[in-house]
Amino acid sequence: MKIEAPKLKRTSYAILLVILASMLISLVAWFIKFPGIRRSFVYQSSDSDKYRVEYRYLPAKPVQGPIQNYIDELLLGPVSEHCTPVFEKGTKVLSCFKKDNVLYINLSDDVLKADSQTTDFRKQIDLFEKNVFRNFGSINKIELFIDGKTAFDAD
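Residues numbered from 1 in each chain as written. Predicted model: local features only at pLDDT ≥ 70, side-chain atom pairs only at ≥ 80, totals over all residues. Heavy atoms only, no water.

**As for empty space enclosed by the protein**
Taken as a whole and assessed by the stated rule, the structure comprises one cavity of 30 Å³ or more. Volume-wise, the largest cavity comes out at about 40 Å³. Listing elements by their share of the lining of the largest cavity, those giving two or more residues are β1 (37-45) and α2 (66-76). Partitioned by chemical class, the residues of the lining of the largest cavity number six nonpolar, one polar and one charged. (1 Å grid on protein atoms, 1.4 Å probe; cavity = no way out; pocket = protein on both sides within 12 Å on 5 of 7 lines; lining within 4 Å. Points joined across faces, edges and corners; volume = space filled by probe spheres on them. Helix = DSSP H or I, 4+ residues; strand = E, 2+ residues; numbered from the N terminus. Nonpolar A, V, L, I, M, F, W, Y, C, P; charged D, E, K, R; others polar.)

In structure tokens:
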């Protein structure tokens, strides 16, 4: 017994060709307008001691480099109004570079504008490091400087 494949009509071939062409056009348009790399941002909730995670698409090849671009976005603060920024508003990256899986970052002294009596700087820096380690697995250690001076002495 011989099984025969069903024969398609010309209209079926035309419909199939239109579907494949539209898929190809859609794929090309998506690659041209690629949204970027998805990164996660962890912020402290303003309502409780819990953390909240935000996701954003960042450019795949930013001018300042992917790590500094991510840190710049992190310092801008959360999109959600129910979260608090990692550091004080106005904090900027003065310099940022990676050498041998160690990230050296120098932040502006705006970090210190927070009230030292109510602000836990160690907790802010730990949250900052958690964000960077979570998004860049190749970084093993972070050396943080504030206006050119080390943030904390070695533990």
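**Observations concerning the packing of aromatic side chains**
Taken as a whole and judged by the stated rule, the model has four aromatic pairs. An angle of 75° between the planes, with centres 5.6 Å apart, marks the rings of Y70 and F136 as edge-to-face. With Y70 in helix α2 and F136 in the loop between α3 (121-135) and β6 (141-146), the pair connects residues that are 66 residues apart, well separated along the chain. Y70 sits in the buried class, given a relative accessible area of 0%. We classify F136 as buried; its relative accessible area is 8%. Joined through ring pairs, the aromatic side chains of F41, Y70 and F136 make up one cluster. Here the guanidinium or amino end of R38 rests over the ring plane of Y55, the centre of that ring lying 4.0 Å away. The residue whose ring lies beneath R56 is F41, and the NZ or CZ to ring-centre distance is 4.3 Å. (Phe/Tyr/Trp six-rings, centres within 6.5 Å; stacked < 30°, edge-to-face > 60°. Buried < 20%, exposed > 50% of the residue type's maximum accessible area, 1.4 Å probe, protein only. Lys NZ or Arg CZ within 6 Å of the ring centre and 35° of its normal.)

**Here we look at the sheet that holds β1**
Spatially, β2-β1-β3 is the arrangement adopted by the three strands of the open sheet, whose pairing is antiparallel. The sheet terminates laterally at β2 (51-58) and β3 (83-84), the two strands that pair on one side only. Against the sheet, α2 makes contact with β1 and β2, and its axis sits at roughly 35° relative to β1, the strand it touches most. (Pairing = 2+ DSSP bridges. Contact = heavy atoms within 4.5 Å. Axes fitted to C-alpha atoms, helices over the stretch in contact; angles between N-to-C directions.)

Function cannot be inferred from these measures alone, as they are strictly geometric.
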